[in-house]
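Okay, here's what each chain looks like letter by letter:
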Amino acid sequence: MKAIDRKLIRELMQLRGQALAIALVVACGIASFVSMLSAYESLKLSQATYYEQYRFAQVFVQLKRSPESLRTQIEAIPGVSQVQTRVVADVNLDIPGRGEPSTGRLIAIPDRQQPMLNDLYIRQGRYIQSDRRDEVLVHENFAKAHNLQLGDTIGAIINGRWQTLRIVGIALSPEYVYAIQGTGDMFPDNQRFGILWMGRKALGTAFNLDGAFNDVTLSLMPNAIEADVIFHLDRLLKQYGGLGAYGRKDQLSNRFLSEEITQLQGTATFVPSIFLGIAAFLLHILLSRLISTQRDRIAVLKAFGYSNWAIAWHYLKFLLAIVSVGALLGTALGLWFGAAVTHNYARFFSFPVLRYAAGFGIVVGAIFISGGSACLGALAAVRKAVSLPPAEAMRPEPPARFQPTLVERWGFQHVFSPVGRIILRNLERKPIQSALTTLGIALAIAMLVVGRYFTDAMQTMIDMQFRQIQREDVTIVFNEPRPARAQYDVTHLPGVLQAELFRMVPVRLQFEHRTYRTALTGLDAQGELRRLLDRHLKLVYIPMNGVVLTAKLAEILGVSPGDRLTVEVLEGERPIRSIPVAGLVDELIGVSAYMDVRALHQMMRESGTISGAYLSVDDLQLDRLYALLKQTPAVAGVSVRARAIARFEETIAGSLGIFTAVLVAFACIIAFGVVYNAARIALSERDRELATLRVIGFTQAEISVILLGEQALLTIAAIPIGFAIGFGFSALLSLTYNSELYRIPLVVTRSSYAFATIVITIAALISGAIVRRQLAQLDLIAVLKTRE
């Protein structure tokens, strides 16, 4: 082994504490980059593979009833490749051992297994037999939620008649990767809603649709224009009660899955870039300062005949050794965390196989960014050192030109002790170094604030959406619109203390060239259970002559209050109306459009028709209410607010929980690494000066105060800067998490700032304790021998 390589190993051992801290900073940056981008790539690949292999349809439409003979005309539409007609119906289910009612969506499948659109992946069991009309396949998530096994039976009210269904298989479908009941639901509730597949003949006969259908899915030819196919399909199905065809991008499951992938892409790009950028910046600053303290050693190497390139390569190996440890640790941690994030999505999105795949380019890119920044910082420091003649470089750097400090010019020098004046002089005479150290600590504080930001936002979302806006205990939805007299039945349900009825109509909203398919909800303008609030949490009252939109829906359509929307109703006589936008509300979950229920009745030319009700219920009567609703064929769905909160915490807060915990852990590691290295390098830079002070009579405590006091002032100065940067990063994240599914508000509480302050203070105290021990080991004899 060459002498210069033995020097390398010896210095790595001597600086093992600093080297490990720097390696951890590198590891955190690489781990965040690898984990998030690999999770995004894995989810995107799983979606594309599943859709292709199981023939996910491209156009969907629901209708009232159409004869099977119409299938031929649908197949003749230009651009249509394959057509599948079906019978689809929602029914009440009676699950053994469950008190709350559950809804099952029965979907007809061919009586004999064959390739079809939205094909089934049978996880367990077998396909149905054509001669057994009670056999069904159950969606895997619903089966797991109720612990249903092959051979178990479920009670169902099918077209008003009680029927027992026997489970023969557990399956998945690309149509329900994200299984929710309708546009009013945002999060899966596998206990309350499930998918069941039943033979076409049995289901058609049960709903008097033998030889007819009420649902169509299509696949298109490669060069087909989707909008043209939808236009012809709507025109063909209008007389049969068609509710408006829509493409794959508007299909509920795919829309939510694609939105989550898009959001994950933004997160996987933005957050790791922040981490990697901060890690690269800190690495550059810390290593350049570390190498600049070795100018005397570089001079000795030059004196012994080593060339500039040999010295540069020596220090490059020094860096690569540290970065390699960080890269290995960061890659391993990133792959582990990326797999955990990917498999966490399996809790919410149902794929037959959700494979985790980390591209080689992702790992190489992260290592290249960290390693490249480290090398640039090191080479800049080495270049400065090797530019001096060996005899000059062996001497300490000449002291800076002394001049009165700002405090002295203002006449406040008598306020400070000699130790205090030394601290202030050193900080003022090295402004760039002080500023960079402060910025590095501030960035570490900012990441701590960002890590806590998600917790603050989740609590705000729960409080605003489920306590301020949605104040009902139970929501019931009918399987079809009911006449006004149903209000009497609703108000006399067991335990109902208050009921507010609503009307929900499927519509297509249009403004200029932008359209959006949603449900228009008619509410009681004086209602108290479902309230509309603006961004300042003030009540928004619905006028009689306008529509109120959520801010996100207004953004999608490009409208503002005063603009007129074209509202195309997709049921009944399908009227088309021009209605002004009367106001905007700030809801954080989903997108919605609201009207006064009386105005909606006028638009529909109906009298008091209702689609469901919001209920305030006596807790002691819930069991009786649930038992009755399970036996009520007219009720298609029941939503419980307490369950909605639990689903939200499980879905959104749960998916972000792992990410937030790791983000905070990474931020804590970076915070300690930055503060410790800043203090340790400051000691390396000033060890001769501090030892000199000891020789001339300063005590151990006084030189500790000089060194650590500087670091304390820099840390205190970094705290407000870190708060500001952290708030800015949180604002950017708030813009990233701004989708149709949910919007994360910009809320950073005092507790988050306090948390960041406490962590950085602990890091500073621990670092100070370590450095103070090293101060006791200063070589005073070497200082006495120095000629200068």
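Description of the structure in this document. (Residues numbered from 1 in each chain as written. Predicted model: local features only at pLDDT ≥ 70, side-chain atom pairs only at ≥ 80, totals over all residues. Heavy atoms only, no water.)

Brief notes about the overall build of the chain
In plain terms, the rule: Numbering of helices and strands runs from the N terminus; a helix is a DSSP stretch of H or I covering at least four residues, while a strand is a stretch of E covering at least two. Think of it in three bands: residues with accessible area under 20% of the maximum for their type are buried, residues over 50% are exposed, and the middle band is partly exposed, with areas taken using a 1.4 Å probe on protein chains only. Contacts between residues were defined by any pair of non-hydrogen atoms, one from each residue, lying within 4.5 Å. Each accessible area value is a Shrake-Rupley result obtained with a 1.4 Å probe; residue values ignore everything except the protein chains displayed when judging cover.
Within the chain one finds 22 helices and 20 strands. In the chain, buried positions account for 54% of the 788 residues. Sequence separation of at least 24 residues holds for 82% of the intrachain contacts in the chain that already meet a minimum separation of 6. Just so you have it, the chain exposes about 34400 Å², and 57% of that area is on carbon and sulfur atoms.

Here's the deal with a nonpolar patch on the surface
The following threshold applies: Candidates for patches are residues over 30% relative accessible area with no salt bridge; among them, like charges are joined within 9 Å and nonpolar side chains (Val, Leu, Ile, Met, Phe, Trp, Tyr) within 5 Å. A pairing counts as a salt bridge when a side-chain nitrogen of Lys or Arg comes within 4 Å of a carboxyl oxygen of Asp or Glu.
Nonpolar side chains collect at one region of the surface, where Ile758, Ile762, Ile766 and Ile770 lie side by side and expose about 330 Å² of accessible area between them. Along the chain, Ile770 turns up in helix α21 (residues 750-775). Ile770 gets classed as partly exposed once you look at its relative accessible area, which sits at 32%.

Overview of the side chain of Glu587
What counts here: Under the convention used here, Asp and Glu are negative, Lys and Arg are positive, and both His and the chain ends fall outside the count. Distance and chemistry together define a polar contact, namely a pair of N or O atoms within 3.5 Å, with one atom able to donate a hydrogen and the other to accept it when in protein, and with adjacent residues in sequence counting only for side-chain atoms on both sides.
Along the chain, the position of Glu587 falls in the loop between β17 (576-585) and β18 (593-596). Buried charge without a partner: Glu587 forms no salt bridge, and the closest opposite charge is Arg530, 5.8 Å away. At 2.8 Å, the side chain of Glu587 and the side chain of Tyr594 are in polar contact. Not counting residues up to four positions away in its chain, the partners in contact with Glu587 are Gln465, Ile469, Leu532, Thr550, Ser592, Tyr594 and Arg743.

Things to note about the packing of aromatic side chains
Counted only if it meets this: What counts as a ring pair is set by centres within 6.5 Å for rings of Phe, Tyr and Trp (its six-membered ring), and what kind of pair is set by the plane angle: stacked under 30 degrees, edge-to-face over 60, tilted for all other angles. Charges are assigned to positions over rings by a cutoff of 6 Å between ring centre and Lys NZ or Arg CZ, combined with an angular limit of 35 degrees from the ring normal.
In this structure the tally under the stated criterion is 10 aromatic pairs. Plain terms: the ring middles of Tyr178 and Phe349 are 5.2 Å apart, the flat faces sit at 35° to each other, and that makes the pair tilted. Within this pair, whereas Tyr178 is found in the loop between β8 (161-172) and β9 (193-199), its partner Phe349 is found in the loop between α9 (308-345) and α10 (360-386), the two being separated by 171 residues in sequence. Cluster of aromatic residues (ring-pair linked, three or more members): Tyr50, Tyr54, Tyr121 and Phe351. When the ring centre of Phe256 is taken as reference, the NZ or CZ atom of Arg255 above it lies at 6.0 Å. Lying across the ring of Phe755, Arg452 places its NZ or CZ 5.4 Å from the centre.

Focus: the pattern of salt bridges
What the rule picks out here adds up to 23 salt bridges. A salt bridge links Arg71 to Glu75; the nearest nitrogen and oxygen atoms lie 3.2 Å apart. Pair noted here: Arg71 and Glu75 are both in helix α3 (residues 71-75), with a separation of four residues, about one helical turn. Judged by relative accessible area, which is 27%, Arg71 ranks as partly exposed. Residue classification places Glu75 among the partly exposed positions, given a relative accessible area of 39%. Between Glu140 and Lys144 there is a salt bridge, with its nearest N and O atoms 3.8 Å apart.

Notes on helix α20 (residues 700-736)
Formally: The length a helix should cover is 1.5 Å for every residue beyond the first. One axis is fitted to the seven residues ending at the residue and one to the seven starting there. The bend at that residue is the angle between these axes.
Taking 1.5 Å as the rise per residue, α20 with 37 residues should run 54 Å; its terminal C-alpha atoms sit 51 Å apart, in good agreement. For α20, the principal kink sits at Ile719 and spans about 30°; a proline, Pro720, occurs within the next four residues.

Some thoughts on the packing of helix α14 (residues 431-469) against α21
The line we're drawing: Under this scheme, a helix contributes an axis fitted over its contacting stretch, all axes are lines through C-alpha atoms, and angles between N-to-C directions fall in the 0 to 180 degree range. Angles below 35 degrees are treated as roughly parallel, those above 145 as roughly antiparallel, those between 65 and 115 as roughly perpendicular, and all remaining angles as oblique. Two helices cross in a left-handed way if the nearer one is turned anticlockwise from the farther one by less than a right angle. They cross in a right-handed way if the turn is clockwise. Any residue that is not Ala, Val, Leu, Ile, Met, Phe, Trp, Tyr, Cys, Pro, Asp, Glu, Lys or Arg is counted as polar, Gly included; the first ten are nonpolar and the last four charged.
One way to put it is that α14 packs onto α21 with a least axis distance of 9 Å and a crossing angle of 140°. In terms of axis orientation, α14 runs oblique to α21. Read as a crossing pair, α14 and α21 show a hand that is right-handed. Contacts from Ile441, Ala444, Ile445, Leu448, Val449, Arg452, Tyr453 and Asp456 of α14 reach α21 at Ser751, Ser752, Tyr753, Phe755, Ala756, Val759 and Ile760. Among the residues forming the contact of α14 with α21, the class breakdown is 11 nonpolar, two polar and two charged.

Regarding the environment of Tyr50
Considering the arrangement of structural elements, one finds Tyr50 in helix α2 (residues 16-53). Measuring from C-alpha to C-alpha, the distance between Tyr50 and Tyr121 comes to 9.9 Å, with 71 residues separating the pair along the chain. If we ignore the near neighbours within four places in the chain, the residues touching Tyr50 are Leu172, Ser173, Pro174, Val177, Ser350, Phe351 and Pro352.

What to know about the sheet that holds strand β11 (residues 246-247)
Selection criterion: Pairing between two strands requires that DSSP report at least two bridges joining them.
Here we have four strands laid out as an open sheet, ordered β2-β10-β1-β11, and antiparallel in their pairing. This sheet does not close on itself; its edge strands, each paired only once, are β2 (80-86) and β11. Those strands touched by helix α6 (residues 226-237) are β1 (59-67), β2, β10 (212-220) and β11, and its axis lies near 15° from that of β1.

A closer look at the environment of Val80
Tracing the backbone shows Val80 in strand β2. Take Val80: its relative accessible area is 6%, and that puts it in the buried class. Considered as a pair, Val80 and Leu218 are 138 residues apart in the sequence and their alpha carbons are 6.8 Å apart. Those residues within four positions of Val80 in sequence are excluded, and the remaining contacts are Ile74, Glu75, Leu218, Ser219, Leu220, Met221 and Val229.

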